Amino acid sequence: MGMTAAEKILARHAGKSKVKAGEFVFANVDLVMGNDITFPITIEEFKRLGATKVFDRDKIVLVPDHFTPNKDLKSAENAKIVREFARKYEITNYFEVGRMGIEHALLPEQGLVLPGELIVGSDSHTCTYGALGAFGTGIGSTDAAVAMATGKVWFRVPETIKFVFTGKLQKWVSGKDLILAVIGKIGVDGALYKIMEFCGEVIDNLSIDSRFTMCNMAIEAGAKTAFIAPDETALEYVRTRAKREYKIETSDPDADYANVIEINVSNLEPQVACPHSPANVRPVSAVKNVPIDQVVIGSCTNGRIEDLRVAASILKGKKLHPNVRMLIFPGTQQIYREALAEGLIDIFIEAGAVFSTPTCGPCLGGHMGLLAEGERAISTTNRNFIGRMGHPKSEVYLSNPAVAAASGILGRICSPEEVE
Amino acid sequence: MNKSKVWKFGKDIDTDAIIPARYLNIQDEKELGLRCMEGIRPGFAVMVTPGDVIMADSNFGCGSSREHAPIAIKGAGIKCVVAKSFARIFYRNCINIGLPIFECQEAVDATDEGDIVLVNLETGEIINESKNLRFQAMPLPPFAREIAEAGGLIEYAKKFLL
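All values derive from a computational prediction rather than experimental measurement.

(A) Up close: helix 8 (residues 208-216) of chain A. Most of helix 8 of chain A is tucked away: nine of the nine residues are buried. All of the buried residues along helix 8 of chain A are Ile208, Asp209, Ser210, Arg211, Phe212, Thr213, Met214, Cys215 and Asn216 of chain A.

(B) The domain arrangement of chain A, seen in detail. Residues and elements named next belong to chain A. When the domains of chain A are assigned, the result is domain 1 (5-262) and domain 2 (271-418). Relative placement of domain 1 and domain 2: their C-alpha centres are 24 Å apart. Counting residues at the interface gives 40 residues for domain 1 and 41 residues for domain 2. Area buried by domain 1 at its contact with domain 2 is led by Ile102, Trp172 and Lys176, which between them contribute 23% of it. In this structure, the connection of domain 1 to domain 2 is made through one salt bridge. One salt bridge in this structure joins Arg383 and Glu220, with 2.5 Å as the shortest N-O distance. The interface formed by domain 1 and domain 2 includes 28 residue pairs in polar contact (both at pLDDT 80 or more). Elements with a minimum of two residues in the side of domain 1 that touches domain 2: helix 4 (103-109), helix 6 (175-186) and helix 8. For the side of domain 1 that touches domain 2, the leading source of residues is helix 6, giving six residues. When grouped by side-chain class, the residues that make up the side of domain 1 that touches domain 2 number 15 nonpolar, 16 polar and nine charged.

(C) Local environment of the packing of aromatic side chains. The final tally for this structure, using the stated rule, is 23 aromatic pairs over all chains. For the ring pair Phe135 of chain A and Phe155 of chain A, a centre distance of 5.9 Å and an interplane angle of 80 degrees mean the geometry is edge-to-face. Taken together, the positions of Phe135 of chain A in strand 6 (residues 135-138) and Phe155 of chain A in strand 7 (residues 152-156) put the pair 20 residues apart, joining distant regions of the chain. Of the two residues examined, Phe135 of chain A and Phe155 of chain A, each falls in the buried class. Ring geometry for Phe9 of chain B and Phe44 of chain B: centres 5.6 Å apart, planes at 75 degrees, overall edge-to-face. Of the two residues, Phe9 of chain B sits in strand 1 (residues 3-9) while Phe44 of chain B sits in helix 3 (residues 44-47), which places them 35 residues apart along the sequence. Overall, Phe9 of chain B belongs to the buried group, its relative accessible area being 6%. Ring pairs connect the aromatic residues Phe24, Phe26 and Trp154 of chain A together with Phe143, Tyr156 and Phe160 of chain B, which therefore count as one cluster.

(D) Seen up close, the pattern of salt bridges. According to the stated counting rule, one finds 38 salt bridges over all chains in the structure shown. Between Lys319 of chain A and Glu350 of chain A there is a salt bridge, with the nearest N and O atoms lying 3.3 Å from each other. Taken together, the positions of Lys319 of chain A in the loop between helix 11 (305-315) and strand 15 (325-329) and Glu350 of chain A in helix 13 (residues 344-351) put the pair 31 residues apart, joining distant regions of the chain. The exposure class assigned to Lys319 of chain A is exposed, which follows from its relative accessible area of 51%. In this structure, the salt-bridge partner of Asp57 of chain B is Lys84 of chain B, at a minimum N-O distance of 3.4 Å. Of this pair, Asp57 of chain B sits in the loop between strand 2 (53-56) and helix 4 (68-75) while Lys84 of chain B sits in the loop between strand 3 (80-83) and helix 5 (88-97), placing them 27 residues apart in sequence. Since its relative accessible area comes to 22%, Asp57 of chain B is described here as partly exposed. Put simply, Glu45 and Arg48 of chain A together with Glu155 and Lys158 of chain B are held in one network by salt bridges that share partners.

About the criteria used
Residues numbered from 1 in each chain as written. Chains lettered and ligands numbered in written order. Predicted model: local features only at pLDDT ≥ 70, side-chain atom pairs only at ≥ 80, totals over all residues. Heavy atoms only, no water. Buried < 20%, exposed > 50% of the residue type's maximum accessible area, 1.4 Å probe, protein only. Helix = DSSP H or I, 4+ residues; strand = E, 2+ residues; numbered from the N terminus. Domains from an automatic or database assignment. Contact = heavy atoms within 4.5 Å. Buried area = accessible area lost by both parts, 1.4 Å probe. Salt bridge = Lys/Arg side-chain N within 4 Å of Asp/Glu carboxyl O. Polar contact = N/O pair within 3.5 Å; in protein donor to acceptor, adjacent residues only side chain to side chain. Nonpolar A, V, L, I, M, F, W, Y, C, P; charged D, E, K, R; others polar. Phe/Tyr/Trp six-rings, centres within 6.5 Å; stacked < 30°, edge-to-face > 60°.

Here it is in C-alpha cells:
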C-alpha cells in the first residue's frame, strides 16, 4: 500500500520512512507563523516553558495583520508585544505594518511556503498552503510556543479524502464556488480531522489564486488541511520566489484514501453560503433579491490580484447602489501596487468603494467595517457564523468576488450576468 | 466528585460563538470568561456556577484556532466539556491547555439542560443524577492522554522536549 502526500510529508518531518493514518507523531516543522491576536498568548506560554531562545530565527514568521493598523489601545499593546519579541529574538521574517499583508496571501508571495513543507500557524486558515503542495495547518497559541522553542509539533496522522472535479467551469465560476459547493455537500464537519486532496481536470486548469481560495476554506469543512499536487502552475509560482531547496511530495497511485468523491461542475453556477453556516450553500439564482447594506471584497480567501481584476471588470464604469457600502481589502502591499498599476483602484474609487490597506479587520468583526444590528453583508471572506462581522443580529452571505461586486451595483444579491 | 449543572448546546458551536473575535485583544482568563458564549447565549457567564459542565452535540469548537475559546470556557468556571465530537484545533487546544474534554454521544443524547451530573475527570465516567443514568466517555488516545496527564503541553514539553 502506498502513502498519501500528507503521510509522506509527516513521515519525512518525523524522521520516519513510513507513517499511517491514525498514528501520533512529533514532527519537525519548516515554519511557525503567528499574528497579533494569537501570538501574545504564545509569548506568555513561551516564557512559562522557560525557553530562552527560539529553535531557528529564520523559521519563524510574525505578521501583525488582524487588528492592525492598531484598532484600539489594547490592540496597540498587543502589536507592541509581538514587535518587541521579534526584535529581542532577531526574528528574520517580521512584517511591519506597511510591509505586511494578510498572512496567508503574504507567506506564499514571499516564497516562505514551498512544496512538501510542513508549516504551522496559529491561525486556522494556514490550510491555504496546500495550494502549493505544502502541509500547512492551524494550531493554537500553546502549540506555537512549543514549536517556536523546539521546532516540534504533535500530530495525529490524518486520513485523506480525494475530491475529483470533472467537467468545464461556466463563466463567473471560480475556486470559491468549487469549495462552497463541496462544503455545502459534505457539511461543516464533513472532513473532520481529514485532508481534502483536490484533483481532476478542473483543478489542472485552475489558476493558482483560485487554488489558494479553495484550500483556504478546507477548515470550514473541519479538515486538518487541503492539498493539491504541485504541477506546472504551482511550480511556476514557486520558482521565482523560493529561496531554499524543497522536495515535492505527491500521493502514490495506490495510496489509501478514506473516501473518493467525484463532482461534475459543468452545471455549477456561482454559489452563495447563506447565514449562519458556510455549509448553508445555494446557487446564486436561489438567493437573488436579498437586499444588502455592505459588500466586502478581499481577505485571505479572495484578496488576490485575480479577485480584484474580476471585481474591477464588473465595476468598471458603474456606480454602487446608493444604499451600499463596499470595502475592498487587497491581500498584500504587492497586490495593492499591482492593482494600482493596472488602474483597478481607480475603477473601485470611481464606483464609490473604499480601498483599504491589507488587514483581516472586517472579516472577523475586528475593525474597519463592522455590521450594525439587522444589517446584511455579502462578503468574499470565509465565515458567516452568528456575529462574525459585528452584531449578533447581523447577517453575512459568502460568495465569489464577481457575485459580490455585481451585488454592490444592484443593492441586492445577484448574478454577475445581471449587470454585464 | 462534585455535582455539576449541565448547560446544553447544539451542533457546530463555533469559536466566534464561544468568544467573539472583537475580544481577541484580551488574554486574561477571567476577563475572557465574562464574554463566553455572549453572542449565542447572552448572560451565560453570570449564570454559570463554577464547576458546571457544558454538553454539546457534534463538531464543538469549529472555526478559528483561537486559544481564547477554551480559555474563555475555563475562565467562565466550566469544569469540562462533553460533546459528541470536537473540531480538531479546538480539541488539541483543550489538551494543550488542560481543559478536560470528553466524547460521549449517549450522554449528550440523554442529558437535558439543567440536569445534575457527576463527571470523573480521571476515568471519563459520567453519572446523570437527575435521570439516574451512567455513561462512559471514549478514552483519550494514549498520546493525548500523556500530554493531558502531564498538565498540558507546556509541562509535557518541559519534561520531554527541552
